[in-house]
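Given next are the chains, with one letter for each unit.
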Amino acid sequence: MDHAISQLLVPPNQKIRLADIDPDDTHGVKKEDSKEILKQNLKRLSVLQYLLYAEARRALLVVLQGIDAAGKDGTIRHVMTGLNPQGVRVTPFKVPEGEEKRHDYLWRVHNAVPEYGQIGIFNRSHYEDVLVVRVHNLVPESVWSERYRQINEFERILEENGVTIVKFFLYISKDEQAKRFRARLDDKQKNWKFSPDDVKERSYWDAYIKAFEDMLRECSTRRAPWYVIPANHKWFRNLAVSQILVETLETMKISLPKPAADVSKIRFE
Ligand code: ADP
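Here goes a summary of the coordinates provided. (Residues numbered from 1 in each chain as written. Predicted model: local features only at pLDDT ≥ 70, side-chain atom pairs only at ≥ 80, totals over all residues. Heavy atoms only, no water.)

This part takes up the packing of aromatic side chains. This structure, assessed with the given rule, holds nine aromatic pairs. Note on Tyr-127 and Trp-226: the rings are 4.9 Å apart at their centroids and 70° apart in plane angle, and the pair reads as edge-to-face. With Tyr-127 in the loop between strand 3 (119-123) and helix 6 (132-135) and Trp-226 in strand 5 (residues 226-230), this pair connects stretches of sequence that are 99 residues apart. In this structure, Tyr-127 and Trp-226 share a single accessibility class: buried. Taken together, the ring pairs connect Phe-169, Tyr-171, Tyr-208 and Phe-212 into an aromatic cluster. (Phe/Tyr/Trp six-rings, centres within 6.5 Å; stacked < 30°, edge-to-face > 60°. Helix = DSSP H or I, 4+ residues; strand = E, 2+ residues; numbered from the N terminus. Buried < 20%, exposed > 50% of the residue type's maximum accessible area, 1.4 Å probe, protein only.)

As a further point, take the site of the ligand. Taken together, Phe-93, Lys-94, Val-95, Pro-96, Arg-108, Arg-124, Glu-128, Asp-129, Val-132, Val-133 and Leu-138 make up all the residues around the ligand. For the ligand, an oxygen atom lies 3.2 Å from a polar atom in the backbone of Val-95. Note that an oxygen atom of the ligand is positioned 2.8 Å from one of the side-chain N or O atoms of Glu-128. If the ligand stood free it would expose 570 Å²; the protein chains cover 72% of that surface. Each residue belonging to the shell around the ligand can be placed in one class, and the counts come to six nonpolar, no polar and five charged. (Near = heavy atom within 4 Å. Polar contact = N/O pair within 3.5 Å; in protein donor to acceptor, adjacent residues only side chain to side chain. Areas by Shrake-Rupley, 256 points an atom, 1.4 Å probe, with all protein chains shown as cover. Nonpolar A, V, L, I, M, F, W, Y, C, P; charged D, E, K, R; others polar.)

Here Val-135 is to be found in helix 6. Judged by its relative accessible area of 12%, Val-135 is buried. Considered as a pair, Val-135 and Lys-31 are 104 residues apart in the sequence and their alpha carbons are 36 Å apart. Non-local contacts of Val-135, meaning those with residues more than four positions away in its chain, are made with Tyr-204, Ala-207, Tyr-208 and Ala-211. (Contact = heavy atoms within 4.5 Å.)

Remember that the coordinates give geometry; whether it matters functionally is a separate question.
Laid out in structure tokens, this is it:
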């Protein structure tokens, strides 16, 4: 699995062609082995979260992007399930409204950055401002094209201030998206998830792919890397994301803070 992880990382300034990546890829991992590895990863995540919370000096920010039905919600449900809710905050980013619209695009994002000790999960993010915004020409190219640099600078500021950032692009095929939309239409339990807008957005598939490729090339940095997760197989997606989160937290080398007093000397009735 470790070997696979390095293959999922987008090296800085690397031109990515998503057509060269197989969204069905499972990097040699077998489904029957994945359950046990996922279980171990979730256990480890819970221990690492405890350390992060206890240390309370740094935070982890997890960014999830992907086309509609790529599995952002499912990833949160399956991978974050063992975490202590007191130390996690999920923020979904929708079409900006009200106060959000009256500020620069990073305002609402900065406001949602996790406190020290916490894990913050962005379900969509500031990257929408170079994705949907670009695909639908919501601002001119002269505006969105400057945002890659602005985003890198913003993330650099966060990183220098104790926020470790890890970004996942969940990559599904167009056929897989159709399958998932069909399931939303056929399964009464899933009908609520279906929006007619999804079908309209699907017709912009190629424009989205191009926008994703540029986002990956421009904004995968050493400090805030992007990982492309082949996500047609949900079990592999969950496994890969959990593994990368464990490894990211481990590289932070978090340890328990020193007790405030010499605990061996404390007596009470
Ligand atoms: P989900 O994330 O589950 O798909 P919604 O169906 O409410 O949730 O979709 C949120 C929508 O908000 C998406 O279509 C997304 O592209 C859009 N959105 C998010 N951020 C922005 C933004 N900055 N500008 C325009 N649209 C945005």
